[in-house]
Structures are given as structure tokens and as C-alpha cells.
Amino acid sequence: MKSSIQLKTTKVFEHLDSSDKRIIVEQGGTRSGKTYNILIWIIFKYCMINTKKIITICRKHGPSLRGSSMRDFFDLLQTHNLYTETAHSKSLNEYRLNGNLIEFVSLDEPQKIRGRKRDLLFINEGNELTYEDFFQLNIRTTSRIIIDYNPSDEYHWLYDEIIERADCDFHITTYLDNPFLDPVLIEEIERLKSTDELYWQIYGLGERGSSASIIFTHSICDTIPEDAKFISFGLDYGYTNDPTALVGIWTTEHSLYIKEYLYQTMMTGRDIHKKFQEIGVQKEMIWGDSAEPRLNDELRRMGWNVRGSIKGRDSVNAGIDLLKRYKINITSDSKNAIQEFRNYKWLEDKAGKLTNVPEDKNNHIIDAVRYGTYSIISRPTFGKYAIQ
């Protein structure tokens, strides 16, 4: 069977086949063949020389997973006459090949993320994940991890925490590394050179994006200054897909200091209660999302000084305007906070012009900071009653 199959592979396949590192990162532009060649390697190399292995192919959200790597996987099987209906459990999103189990998992299914171990992990579009997502997957993977993505974020935990590791092989590919690409598609990609400099940088050259649309500037500090006054805690609730985020906020005359205490999914009210105890919260004010009155009430009944955040008209932009009046400092151990402030952007309209509407992502920590600052600093009594 192996000798009768003619495969069209690119450099990505070669990278996987020659690397002896535990983690392989494939960064690249559009149509460079990253995902397709990773799947070819999994099917025709890894699964054909191994048996009784568990392979997890995952992406952040289910619809995206089904419309990309999962669809390509089954297209490859059918194209090469390897697909068998009886090997496919559609209800579980699993397929058995040569005695191996391939499972397709989205982070919408946290019970699978935190469940059984696996031998091989492929994270498709890895820059959609949080570091906590990766950590939970990593500690349950016994062998290799493959990650691919388009580098649309200027800053990301992948750059800081993964690519620099000694056990990581890092590769960049572009559409020029895909010899099977239709000339019409090549022409469309190269059109970006003259129409959109940022898109050409990311999707043409496969290089990290940079953008003037970043909302905040910030500095990194090792510690909170002794003369800084504590304002409050800010708390943004999440659960399955979005993390619950908790920050502490301090101020000096013209600066804010932010420390991240919590950034984790699947946190119940009882879990948050235990976290408060762990970090030593006492009677300090905690401003939670006022859109979650049930959780605010639950935590208040447990003895915590939790209040729903104050939200005025256009509270998101009002909160952003308030934060931009201060020099923002983030402690160096607050990795998710740093990532969010680096990547929080204004939306662009169809013409590529910036709007005054922020993107609804990279904002869990930032929302918590807004709750904890706007609810205090926006009041005329701020300074007189701020917690010391």
C-alpha cells in the first residue's frame, strides 16, 4: 500500500521527518501548505510506522476545527482510498488508522483537554490558544507536539515561551515553498505587496505582524513600588472557552500598576473563593462584571467584598479612555496580562481604516482592569476613599 501512494509534499513534511525535537513550530504565510503537510506526515508517516498511539488534532473552536484540519484529514484519506466508514466514530470525532486513534478536539470540550494522555499532539492555528490552554495539553502529551499558525499577532506567548525553548524546532514557510499552488492564487497573494503592507508581511512573507491599531502602551516592572496605593481587585468571569481573570491594581499619581493573580478556565464560584484565600485577599474591594450578578452574589455570601462594576454609557470606551490617562505598568510575572495589553487592538473597517471600537478578544485581563479602575477612579471621591 505504501509504495502505490504518490504524495505531493513540501518543506513542512521534510521538517517534521528530519526533526528530533519534541516541539516543532511551523509559522508561515497563507497557502504555504503547513496544515496539509502536517496531516500528510501524521497519516502516511507517523500512523504507518506506529500502532496503538493516540493522536490529538485540536483547534480553539469546534466550527473552525471542522472546517479546516478535520476536513482536510478526511479529504486526504478519501483521496488515497484509505477511508473506512467503520473506522470513523462521527459522534466522538475519532478515527482509527493502523491501530492508532486519531481524535479531533476543540477547546470547547475542556473535559477532553484535561482528560486522557496522548502520544502526539497537533495544534492547528496555535496563536488562537492561551498559554493555559497549551499548558494543559502539553502536560498530557508524552511524545511530540506540532504547532502551526499565521503570525498575525505582533506579540504572543508562542514567541516568548515556546520558540526559544531548547527542545523546539522553528520554521517559517511561505507560498513560495508550495510548488503545487495555482498561479492565480500566487498572483492574488502577491497583490498584497501593493494593496496591504501588513497583510503582505503576515500572509505573504510569513512574518510577525505589527500594527498601529494597538490600543495601549505599557512598561514591565519587577515589583509594585512601595509608595503605590492599592485601588482594588478587578474580576472578569469566564468558564468553558474564556478564562476567569483576576488582577490587583495599584496607583501612584500618574501611573497604574497591574498584577495578574488568576487566568484560568473552568473556575466555579467555589474555585474563585479558594483562589481569594490562596492569595490572601481580606476585606479589599473586588469589582466583578456587573453582567454576572449571580456570581457576584455567590462570592459576597461567602464573605468577600465583591460588587458589580460601575458601567456608564459606552463603558468600554470610557474605561479605555480612563486607562490611557495613566502610564500602565505590568509586573513581569503577569504573562497573560502582558500578552493582552500587547495585542488589544482597534477594529479596522472594510477600507482598512481604524474605528473607535476595540476587538472583542485579548481583553479578559483588560476587562478586569477596567472594572477595578473605572469603578473607583471615575468617581469624584477617588483619592479620599481609595484603599491604602
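Residues numbered from 1 in each chain as written. Predicted model: local features only at pLDDT ≥ 70, side-chain atom pairs only at ≥ 80, totals over all residues. Heavy atoms only, no water.

Here's the deal with the sheet that holds strand S13 (residues 286-288)
Strand pairing in a sheet relies on backbone hydrogen bonds. The paired strands run either parallel or antiparallel. The strand order across the open sheet formed by 7 strands is S9-S15-S12-S11-S10-S13-S14, and the pairing between neighbours is mixed. Looking at strand neighbours, the two that pair on one side only are strand S9 (219-221) and strand S14 (306-308), the edges of this open sheet. Taking the axes of each pair of neighbouring strands and ignoring which way they run, one obtains an average angle of 30° across the sheet. In this sheet, strand S15 (residues 327-331) lies alongside S9 in parallel orientation, the contact comprising 3 bridges. Its bridge partner being in S15, Ser 219 is matched across the sheet by Asn 329. Where helix H15 (residues 364-377) meets the sheet, it contacts strand S10 (229-236), strand S11 (244-251), strand S12 (255-264) and S13, and its direction lies at approximately 130° from that of S10. (Pairing = 2+ DSSP bridges. Helix = DSSP H or I, 4+ residues; strand = E, 2+ residues; numbered from the N terminus. Axes fitted to C-alpha atoms, helices over the stretch in contact; angles between N-to-C directions. Contact = heavy atoms within 4.5 Å.)

Here's the deal with the confidence of the model for the chain
Low-pLDDT stretches of the model should not have their predicted coordinates read in fine detail. On average, residues of the chain carry a pLDDT of 90, and 93% of them reach 70 or more. The low-confidence segment residues 380-388, where pLDDT is below 50, has 11 contacts with residues more than four positions distant or belonging to other chains. (pLDDT = per-residue confidence, 0-100.)

Details of the packing of helix H1 (residues 11-18) against helix H2 (residues 34-49)
Running from N to C, H1 and H2 cross one another at 45°; their axes reach a closest spacing of 8 Å. With respect to H2, the element H1 is oriented oblique. Every pair of crossing elements has a handedness; the one defined by H1 and H2 is right-handed. Between H1, through Val 12, Phe 13, Leu 16 and Asp 17, and H2, the contact on the second element is made entirely by Lys 34, Asn 37, Ile 38, Ile 40, Trp 41 and Lys 45. Of the residues belonging to the contact of H1 with H2, the class tally is 6 nonpolar, 1 polar and 3 charged. (Parallel < 35°, antiparallel > 145°, perpendicular 65-115°, else oblique. Left-handed = near helix turned anticlockwise from the far one by under 90°. Nonpolar A, V, L, I, M, F, W, Y, C, P; charged D, E, K, R; others polar.)

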